[in-house]
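Descriptive analysis of the structure
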Amino acid sequence: MIDVKNIHKSFSGVEVLKGISTTFEKGKTNLIIGQSGSGKTVFMKCLLGLFDYEEGTISYDGKIFSNLTEDEKRNLRAEIGMVFQGSALFDSMTIAENVMFPLKMFTKQSKSEMEDRVDFVLKRVNLIDAHNKMPSEASGGMQKRVAIARAIVNKPKYLFCDEPNSGLDPKTAIIIDNLIQEITDEYQIITVINSHDMNSVMEIGEKIVFLKDGLKAWEGSKDNIFKTDNKAVTDFVYSSELMKKVRQMYIEEKK
Amino acid sequence: MIYLQNIGTYFLMIVEMFRKPTKWCAMRQLILKDMDDLIIGSLGIVAFISFFVGGVVTIQTALNLDNPFLPKSLIGFATRQSIILEFAPTFISIIMAGKVGSFITSSIGTMRVTEQIDALEVMGINSLNYLVFPKFIALTLYPFVISIAMFLGIYGGLIACVYGGFATLEEYITGIQSEFTPFHVTYAFIKTFVFAFILATIPSYHGFYMKGGALEVGKASTASFVWTSVVIILLNYILTQMLLS
Ligand SMILES: Nc1ncnc2c1ncn2[C@@H]1O[C@H](COP(=O)(O)OP(=O)(O)OP(=O)(O)O)[C@@H](O)[C@H]1O
Ligand SMILES: [Mg+2]
C-alpha cells in the first residue's frame, strides 16, 4: 500500500499541491483525475521522489520514502515501472533496446530470454513489427505504447502511468487500459494512473481521486462517480454532451 | 553566493559519479560509444588544425628571426617549444571545449528536458554514473589526441619551413632536437590529463542540472563552453606556475 499524507508542494512561492492525503491499494487500479494543470503530474512526481515536497510523508508498504538512504531508494525504484506523460524513451536506442533496458540493468537473464520477454510485452501493447525503429521514427501513440511496454517488462511491484492513453485512438486506448488492469490484477501490484479521459474512468476506475486546484476534491470509485452531487466532479465529468446523455440514461435506468 | 552553490553542486556531482556503478556489460558499451563520439570523432579536426597552425607558427617565427647572427635552427626550436608547451595541450583543449563540450552539454541537456534522466532515476539507476562516468573514462584517452596534435604541429612546421624556403630540413631537425627538456613533455601531459577531466565534467554539469526546454539547452551549451574555457585557462596558469617556475 502507498500511503500519502498531507503533501504540500510549491514552485517559487506558488503552491501547486495544497495538502493531499490518500492511499493506493494493491491489486487495484487507482486513477488520479482532474483538469489540465490541476497538479496530477506534479503529484505523481512527488510520489516517485522526483520532486522534493515541503511538507507531508509518502510511505511505500510502511517505509517512509524520504527517510530512505540513496541506495535504499534505488532498490525500491528498481521495483517501479513508470510511463511519463511525454514517453521519455531513450532516443539513442531502438524500440526493442528501450524495452529491454530494465531487464539488462536489473536481471541476469540470457539474451534470448530477454528477447522473448521483449517480444511478449511488445505484442501485448499491440506492436509487433517496430523492434528496430528508433523512437524518433515512431508515431506519438507508438512511443506511448513502447513506454508502457518498458514500464511493465520487468514485472514491477508499483506501476505509475502519467496519461498512458492520451494520444491513442479509442480502440488502442481501451486495449491499453485493459492491459494495465489485467497486469494489476494478475501480479497484484499497486497501479496509479493519471488521466483525464472519461472512458478510462468508466473502464478501470476502481479507485478515483479527483484533484482540483491542488486539493483532493473527491474520492471514490467508478460506480459512485455518476451518483455524486459534488459540484466540482459533476462539472468535470459531465462537460461533454456525450457524458450528459450517459448521465441522463443512468438516471432513467435507476428510476 | 549562487557561484558557491554551483561549485558545491559540481563537486557533489563528481562524488556521486563514482557511486553505485552501472552494470559492467552496459557500461562497457557506453564507454566504447563515448570513445567513438568524443575521441575518434575529434581526430579529424584536431589533425587539421594542428598541422596548419604548426605551419603558421613556423612561418611567423622565421619572419621574426631576420638577424643573420641567429642560427636558422632556432626556427625548429621555437616551433617545438610553443607547440609542446602551449599550443597542443591548451589551444586544442579550448577547441575541444567547443566541439566535445557542447556535444556533451546538449546531449545530456536534451535527456534532461525530455525526462529521460528522470526515467533513469525512476528505474533506480544512478544517472550521473550512467551518463558522466563513461565520458570521463573515454576522455582518459585524450592525451593520445594531444600527442597526435604535437606530432602534426611540428610536422606542419617542418613542411612550411622547408617548402617556404625559411631553412633547410637539416636545420629544422637540428632545431627540434636541441636543448630538449623531457620534463616539458611531462608538464604538457599533466595539463592534458587535468583538462580531460574538466572537459568531461563541466559540460556534463551544465547539461545535467539545466532547467527548462529546448531553448535552454542552447543556452546551457554556450554557458558550458564559456565556463570550460575559463577554467582551462585558469588551471593552465596555475599549473604552469606550479610546475615550471
Ligand atoms: N517544473 C515546474 N516549475 C514550475 N511550475 C510547474 C512545474 N511543473 C508544473 N508546474 C505547475 O504546476 C501546475 C500543475 O502542473 P501539472 O503538470 O501537474 O498539471 P497536470 O494536472 O499534469 O496537467 P495535464 O493534464 O495538462 O498534464 C501547473 O500550474 C504548472 O504550471
Ligand atoms: Mg500532466
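Residues numbered from 1 in each chain as written. Chains lettered and ligands numbered in written order. Predicted model: local features only at pLDDT ≥ 70, side-chain atom pairs only at ≥ 80, totals over all residues. Heavy atoms only, no water.

**So, the packing of helix α2 (residues 24–64) of chain B against helix α3 (residues 73–113) of chain B**
Note the following rule: Throughout, an axis means a line fitted to C-alpha atoms (over the contacting stretch in the case of helices), and angles, computed between N-to-C directions, take values from 0 to 180 degrees. Working definition: helices are DSSP H or I runs of at least four residues, strands are E runs of at least two. Numbering for both runs from the N terminus. The handedness criterion is simple: a crossing whose near helix is rotated anticlockwise from the far helix by less than a right angle is left-handed, and one whose near helix is rotated clockwise is right-handed.
Relative orientation of the contacting elements α2(B) and α3(B) amounts to 145 degrees, with a least axis distance of 9 Å. Relative to α3(B), the crossing made by α2(B) is right-handed.

**Quick word on the interface of chain B and chain A**
Condition: Any two residues whose heavy atoms approach within 4.5 Å at even a single point are treated as in contact. Note on terms: buried area is the combined drop in 1.4 Å-probe accessible area of two parts once they are placed together, counting the loss on both. Any carboxyl oxygen of Asp or Glu that lies within 4 Å of a side-chain nitrogen of Lys or Arg is treated as forming a salt bridge with it. Any pair of N or O atoms that falls within 3.5 Å is considered a polar contact. Within protein, one atom must be able to donate a hydrogen and the other to accept it, and sequence-neighbouring residues count only if both atoms are side-chain atoms. Only Asp, Glu, Lys and Arg are considered charged, only Ala, Val, Leu, Ile, Met, Phe, Trp, Tyr, Cys and Pro nonpolar, and every remaining residue, Gly among them, polar.
At the interface, 21 residues of chain B touch 25 residues of chain A. Taken over both partners, the interface formed by chain B and chain A buries close to 2,100 Å², and the fraction arising from carbon and sulfur atoms is 58%. Linking chain B with chain A are five salt bridges. A salt bridge links Arg77(A) to Glu121(B); the nearest nitrogen and oxygen atoms lie 3.5 Å apart. Linking chain B with chain A are seven residue pairs in polar contact (both at pLDDT 80 or more), by the criterion used here. Elements with a minimum of two residues in the side of chain B that touches chain A: α2 and α4 (116–122) of chain B. Element by element, the count of residues in the side of chain B that touches chain A is highest for α4(B), at six residues. Split into classes, the residues belonging to the side of chain B that touches chain A amount to eight nonpolar, six polar and seven charged.

**Some points on the sheet that holds strand β4 (residues 55–60) of chain A**
Each strand in a sheet pairs with another by means of backbone hydrogen bonds, the pair being arranged parallel or else antiparallel. Residue and element names in this part refer to chain A. Under the convention used in this document: For two strands to be treated as a pair, DSSP must find at least two bridges joining them.
One open sheet accounts for four strands, arranged β2-β1-β4-β5; its pairing is antiparallel. Since the sheet does not close on itself, it has two edges, and those belong to β2 (14–24) and β5 (63–64), each with one partner. Bridge count for β4 against β5 is two bridges, and the pairing is antiparallel. Paired with serine 59 across the strands is isoleucine 64, a residue of β5. Against the sheet, helix α1 (residues 40–47) engages β1 (2–11), β2 and β4, with an angle of about 60 degrees to β2.

**Concerning the coordination of the magnesium ion (ligand 2)**
Residue and element names in this part refer to chain A. To be explicit about the condition: Only N, O and S atoms count as donors, using a 2.8 Å cut-off from the metal and 3.2 Å for Na, K and Ca, and because water is excluded some sites may appear unfinished. Per-residue accessibility, obtained with a 1.4 Å probe over protein chains only, is compared with the maximum for each type, and a residue is labelled buried under 20%, exposed over 50%, and partly exposed between these values.
At 1.8 to 2.2 Å from the magnesium ion (ligand 2) lie its protein donor atoms, namely Thr41 (OG1) and Gln85 (OE1). You can see threonine 41 sitting in helix α1 and its partner glutamine 85 sitting in the loop between β6 (80–83) and α3 (95–106), a full 44 residues away along the chain. Given a relative accessible area of 36%, glutamine 85 falls into the partly exposed group.

**Looking at the side chain of Asn129(B)**
Residues and elements named next belong to chain B. As for its position among the elements, asparagine 129 is in helix α5 (residues 127–131). Judged by relative accessible area, which is 2%, asparagine 129 ranks as buried. A polar atom in the side chain of asparagine 129 sits 2.8 Å from the backbone oxygen of methionine 17. In this structure, asparagine 129 is in contact with Met17, Phe18, Arg19, Lys20, Pro21, Thr22, Met27 and Pro134, ignoring residues within four places of it in sequence.

**Let's talk about the packing of α3(B) against helix α10 (residues 214–244) of chain B**
All names here are of chain B. The line we're drawing: Angles below 35 degrees are treated as roughly parallel, those above 145 as roughly antiparallel, those between 65 and 115 as roughly perpendicular, and all remaining angles as oblique.
Put simply, α3 and α10 touch, their axes get as near as 8 Å, and they point 150 degrees apart. Classified by the angle their axes make, α3 and α10 are roughly antiparallel. Regarding α3 and α10, the two cross each other, and that crossing is right-handed.

**So, the side chain of Ser93(B)**
Residue and element names in this part refer to chain B. Within the secondary structure, serine 93 is located in helix α3. In this structure serine 93 comes out as buried when scored by relative accessible area, which is 0%. Look past the residues within four positions of serine 93 in its chain and what remains in contact with it is Ala88, Tyr142, Phe195, Leu199 and Ile232.

**What to know about the pattern of salt bridges**
Considering all chains together, one arrives at 21 salt bridges over all chains under this definition. The shortest N-O distance in the salt bridge between Asp71(A) and Arg19(B) comes to 3.4 Å. With Asp71(A) in helix α2 (residues 70–77) and Arg19(B) in the loop between α1 (2–17) and α2, this pair bridges two chains. For Arg19(B), a relative accessible area of 30% translates into the label partly exposed.

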